[in-house]
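# Architecture and fold: a report
Read off the chains here:
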Amino acid sequence: MSYTIKTFIASGGERFSQLYAANPSGFPLFYPTAFIVRSIRRTTTHETQKVYLAAIKRVCEWESIRSIDLAKNLHNRRFLSAAEIDDLTSYLRTSKRSSKGGVISSSKYNTYLACAAGYISWLAHEVITDSNTRDVRAAVDAQNTMLLSKRRRKAGSKAARAQRIIALKLPTETNNQLLDLFDQPFERLRQQHNFGHRFRNIVMLRVLYETGMRFGELLSLKLKHIIESSGSDSAYLDIERNHHDEFDTRLHQPVAKTEGRRVPISASLEEQLLEYRDNWRADVQGVGFSDEDFIFVVHRGGRSQGQALPKTAFDNGLAKLKQLFKALTPVHPHLLRHDWNYRFSKQVDRVGMSFVEERPLREQLMGWVPGSAMSKIYDRRHIEEKSHEIGRKIASDTARVSE
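Summary of the structure given here. Only a predicted model underlies this, so the values are computations on that prediction, with no experimental measurement involved. (Residues numbered from 1 in each chain as written. Predicted model: local features only at pLDDT ≥ 70, side-chain atom pairs only at ≥ 80, totals over all residues. Heavy atoms only, no water.)

### Points about the overall build of the protein chain
- The secondary structure content of the protein chain amounts to 15 helices and five strands.
- Burial analysis of the protein chain (403 residues in total) assigns 44% to the buried set.
- Within the protein chain, residue pairs in contact and separated by at least 24 positions form 63% of the contacts whose partners lie at least 6 positions apart.
- Accessible area for the protein chain stands at about 21,800 Å²; split by element, carbon and sulfur atoms hold 51% of it. (Helix = DSSP H or I, 4+ residues; strand = E, 2+ residues; numbered from the N terminus. Buried < 20%, exposed > 50% of the residue type's maximum accessible area, 1.4 Å probe, protein only. Contact = heavy atoms within 4.5 Å. Areas by Shrake-Rupley, 256 points an atom, 1.4 Å probe, with all protein chains shown as cover.)

Set out below in structure tokens:
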């Protein structure tokens, strides 16, 4: 039997998902639904709930393939055998997208395993009578320990991952091409009907470039979040945490993972944002103009015209830009966030700012909590570059002094 995850929007804007058998019954699976509602929903985001359901979906598929009824077996106090645990964890690791024999990453597998183990442990306590007795608790704990013992060591170390992050920045030719497009957004564009969404896509790229915000934060920007310049104050964009936004009609709502904050933008970007808002966006059929309406909207005709832009629409627009401008090939939204951090480090070097002064500023602009691990990773880049500079000077001391 096959299964599917369906997502819904409640009247108050909350997103929730449920697991269904792929048949016309029309009812969600009882135990997975009860587990999410009673144990997961209150303390996690919708995205996390979907990860749990993806893992539970694999457990249900494995049950169906092996003709196993976990709820019935556990009710009868028949726990998973070592062979069944090996078989289940092997199925959890199987890749559904690659050819036969492919597997998912160790990180993703470990996440699925933890979610599946949590669900199976909950299910045991749910269906076993007197599950709080000492022998039952011990058996459930032993089963959970056996499952979690199948975790795989992640490839590479934390230090290696940090080193990869430190090295991420835009190639020079890519950076130059972006700057050219920010100045000339309609370059190589001939058809008039494409001007609106080209301008939108370029402005979105520029927001990511100038602020380093996450892509979900960009898609969540509303008209009220544009704070225009006034007197000596520059323009800003407000970023809000927006889980379960009742005004967002997108089924898969983009959300801000980081803290809310206000980020400054250049006068040129402010001018382009206002031009997009007042000219290109305003001409789109069905678009809204209230404070709660989103800045970036669908331009092309159809049922979604004028509604908040989904991630897939921007991805398609970026792919077309890459076809026209080969230098943009490396660009993706999160790389622009890494590049922002690289440029931030260079800027604080130029003004002679210390690490102690730099860290809280970076954390504020990135939306990280004080003492963030990511902030410390970018501190390491500074430390490495400074150590190389001093090391070169010390190395030069070996040169003979000319007489």
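After that view of the structure, there is still more to cover.
### Looking at the environment of Lys-169
- Locating Lys-169 in the fold gives a position in the loop between α7 (158-167) and α8 (172-183).
- If near-sequence neighbours (up to four positions away) are discounted, Lys-169 is found in contact with Leu-335, Asp-339 and Tyr-342.

### Regarding the packing of helix α2 (residues 46-66) against helix α5 (residues 106-127)
- Packing of α2 against α5 brings their axes to within 8 Å, and their N-to-C directions diverge by 75°. Here α2 is positioned roughly perpendicular relative to α5, judged by the angle of their axes. Between α2 and α5, the residues in contact are Val-51, Tyr-52, Ala-54, Ala-55, Ile-56, Arg-58 and Val-59 and Thr-111, Tyr-112, Cys-115, Ala-116 and Tyr-119, respectively.
- Of the residues belonging to the contact of α2 with α5, the class tally is ten nonpolar, one polar and one charged. (Axes fitted to C-alpha atoms, helices over the stretch in contact; angles between N-to-C directions. Parallel < 35°, antiparallel > 145°, perpendicular 65-115°, else oblique. Nonpolar A, V, L, I, M, F, W, Y, C, P; charged D, E, K, R; others polar.)

### Description of the sheet that holds strand β5 (residues 261-264)
- If you walk across this open sheet you meet the three strands as β3-β4-β5, and the pairing is antiparallel. Since the sheet does not close on itself, it has two edges, and those belong to β3 (226-227) and β5, each with one partner.
- Across four bridges, strand β4 (residues 236-239) lies against β5 in antiparallel orientation. The residue of β5 that forms the bridge with Asp-238 is Arg-262. (Pairing = 2+ DSSP bridges.)

### Section: the pairing of β4
- As paired strands, β3 and β4 are joined by two bridges and run antiparallel to one another. Bridging from a neighbouring strand, Ile-226 pairs with Leu-237 of β4.

### Comments concerning the packing of aromatic side chains
- For the structure on display, the rule yields 15 aromatic pairs.
- An angle of 25° between the planes, with centres 5.8 Å apart, marks the rings of Phe-186 and Phe-199 as stacked. Of this pair, Phe-186 sits in the loop between α8 and α9 (195-211) while Phe-199 is found in helix α9, placing the two residues 13 residues apart along the sequence.
- Among the aromatic residues, those joined into a cluster by ring pairs are Phe-35, Tyr-52, Tyr-119 and Trp-122.
- One Lys or Arg, Lys-6, reaches over the ring of Tyr-20 and ends 4.6 Å from the middle of that ring. (Phe/Tyr/Trp six-rings, centres within 6.5 Å; stacked < 30°, edge-to-face > 60°. Lys NZ or Arg CZ within 6 Å of the ring centre and 35° of its normal.)

### Observations concerning the side chain of Glu-270
- Position of Glu-270 among the secondary structure elements: in helix α11 (residues 267-280).
- Look past the residues within four positions of Glu-270 in its chain and what remains in contact with it is Glu-228, Ser-229, Ala-235 and Ile-265.

### Observations concerning unusual backbone geometry
- Positioned with a positive phi, Ser-67 is a non-glycine residue whose angle comes to about 55°.
- Tracing the backbone through its elements, the reader meets Ser-67 in the loop between α2 and α3 (70-75).
- Not every positive phi belongs to a glycine, and Arg-188 is a case in point at roughly 65°.
- Position of Arg-188 among the secondary structure elements: in the loop between α8 and α9.

### Section: the side chain of Asp-238
- One can find Asp-238 in strand β4.
- Residue class for Asp-238 comes out buried when judged on its relative accessible area of 17%.
- Among the polar contacts listed, one links the side chain of Asp-238 to the side chain of Arg-262, at a separation of 2.7 Å.
- Leaving out residues up to four positions away in the same chain, Asp-238 has contacts with Leu-221, His-225, Ile-227, Arg-261 and Arg-262. (Polar contact = N/O pair within 3.5 Å; in protein donor to acceptor, adjacent residues only side chain to side chain.)

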